[in-house]
Every structure is written in structure tokens, then in C-alpha cells.
Amino acid sequence: MRIPVAVTVARRSRSARLAAVLAAVLLAAGCSGSPEEQSSSPAAQGTSAEEPAASDGDDSAGGASDEGGKTAAVVPQESYEVTPAPEGFVPPEPCTGEGAFYAELGGEANPGLPERGGESLTVSLESIEGDSAQIMAQVGDSPAREIGPITLGETVAVDLWTLSVTSVCADTEQVEFDLID
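Residues numbered from 1 in each chain as written. Predicted model: local features only at pLDDT ≥ 70, side-chain atom pairs only at ≥ 80, totals over all residues. Heavy atoms only, no water.

Caption draft 1: How the structure looks around the overall build of the chain. The number of helices and strands found in the chain is two helices and eight strands. The N-to-C order of helical and strand elements in the chain reads α-α-β-β-β-β-β-β-β-β. Taking all contacts inside the chain whose residues are at least 6 apart in sequence as the whole, residues at least 24 apart take part in 45%. Total accessible area on the chain stands at roughly 12500 Å², and carbon and sulfur atoms take up 52% of it. (Helix = DSSP H or I, 4+ residues; strand = E, 2+ residues; numbered from the N terminus. Contact = heavy atoms within 4.5 Å. Areas by Shrake-Rupley, 256 points an atom, 1.4 Å probe, with all protein chains shown as cover.)

Set out below in C-alpha cells:
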């Protein structure tokens, strides 16, 4: 006697598929090569050719270990893409002093940006060169990602937030921006 069984396939989000592919690649990379190649390679020793081994003070171990002899690959975070000002936009002087939010060099946005979708956005100013600002954005607990250079009239979409730069003041080391809903 046969019993019909229904099979349901759950759709995965793009990030879940990417994580699965990355895990498979890392697993395949860890399983390739002979045992001699694996133990003599810089990656197997927990270091790269350019980076010294991490140490907890005991030099007899020969570097940091994750008990498998492999290190996790660092996936670089892409910067957020800046949208240029509209065609025909003539920017005013860069230091207008206008904007609902501002960040000073080395500081976070003030006032704090509102939460969206249960997440928070932290914006910080890294540097100012001329009329362009280099800012960082961090959504929730994720790693901070670069935005910039960005200047007056340009916008950037950071997940559920869109920011528009309204002032870049090199003298006061401050950038001001509006939140577009």
C-alpha cells in the first residue's frame, strides 16, 4: 500500500542562498589539497602571508587555531551606492547649515535616526575632503559599511532609510542630512 506524501520546498531569501553557497565554497576549500599542503599553507596555520599569527602569549602553539587549522574567510562589505544629484542641480555653498540630522567628525548622527522594521541605523562621519563627506552606516548589529564620498544634493539608500546630504562643513567638521521617507 502506498501513502501519498506531500513535499514542501521552502523558498530561501537571497541572503540565505548566498550564505549557503559561501558555506559550501568554504567547506570545499577546506577539504582540498593533500594533508601536507594543508598543514604547510599559511591559511592552515591561521595566517596569511601578509599577516602575523595571532598569539595569546604562548609562542609554542605557532599561532591562533580554531581547532580545525582553518580560518574563516573575510567577506568584504560593499559600500552603499551614492545616487548623484538630479541633472541640472546647482549646489549652493557646501556649508549651508541646513539639515534635520547632523554628525560631527568621529561622532554619530544627532538626533538619532528613527527605527524602521525593528532595526536601527547608526550614521557616523569619518572624514571631510573639500565639499565631500566620507560617512559610515551601520544597520542594527551588522558591520558598518562605507558611504561616500557624498556631497550636497546626493542621496544614499541604506536599507529602509534614504539620506540626502544638505551641508558639508569642513571648518566645523560636520555633515548635515535629511531623512527622506
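Next, the rest of the story.
Caption draft 2: Structural detail: a negative patch on the surface. On the surface, a cluster of negative charge is made up of Glu115, Glu119, Asp141 and Asp159. On the secondary structure map, Asp141 appears in the loop between strand E4 (132-139) and strand E5 (145-150). (Patch = residues over 30% accessible without salt bridge, like charges linked within 9 Å, V, L, I, M, F, W, Y side chains within 5 Å. Salt bridge = Lys/Arg side-chain N within 4 Å of Asp/Glu carboxyl O. Lys, Arg positive; Asp, Glu negative; His and termini not counted. Charge placed at Lys NZ, Arg CZ, Asp CG, Glu CD.)

Caption draft 3: Quick look at the pairing of strand E6 (residues 155-158). Across two bridges, strand E1 (residues 82-83) lies against E6 in antiparallel orientation. Along E6, the bridge assignment pairs Val82 with Val156. By the bridge criterion, four bridges tie E6 to strand E7 (residues 161-169) in an arrangement that is antiparallel. Across the sheet, the residue bridging to Val156 is Leu163, located in E7. Linking E6 back to E7 in an antiparallel pair, the connection comprises two residues, with Asp159 at a positive phi of about 50 degrees. (Pairing = 2+ DSSP bridges.)

Caption draft 4: Spatial organisation of unusual backbone geometry. Cis geometry is adopted by the peptide bond preceding Pro111, which originates at Asn110 and carries an omega value of -5 degrees. With respect to the element layout, Pro111 can be found in the loop between strand E2 (101-104) and strand E3 (121-129). Residue Pro149 follows Gly148 across a cis peptide bond; omega there is 0 degrees. Despite not being glycine, Asp159 shows a phi value in the positive range, around 50 degrees. Mapped onto the elements of the fold, Asp159 is located in the loop between E6 and E7. For Glu173, which is not a glycine, the phi torsion comes out positive at approximately 50 degrees. For Glu173, the location among the structural elements is in the loop between E7 and strand E8 (174-180).

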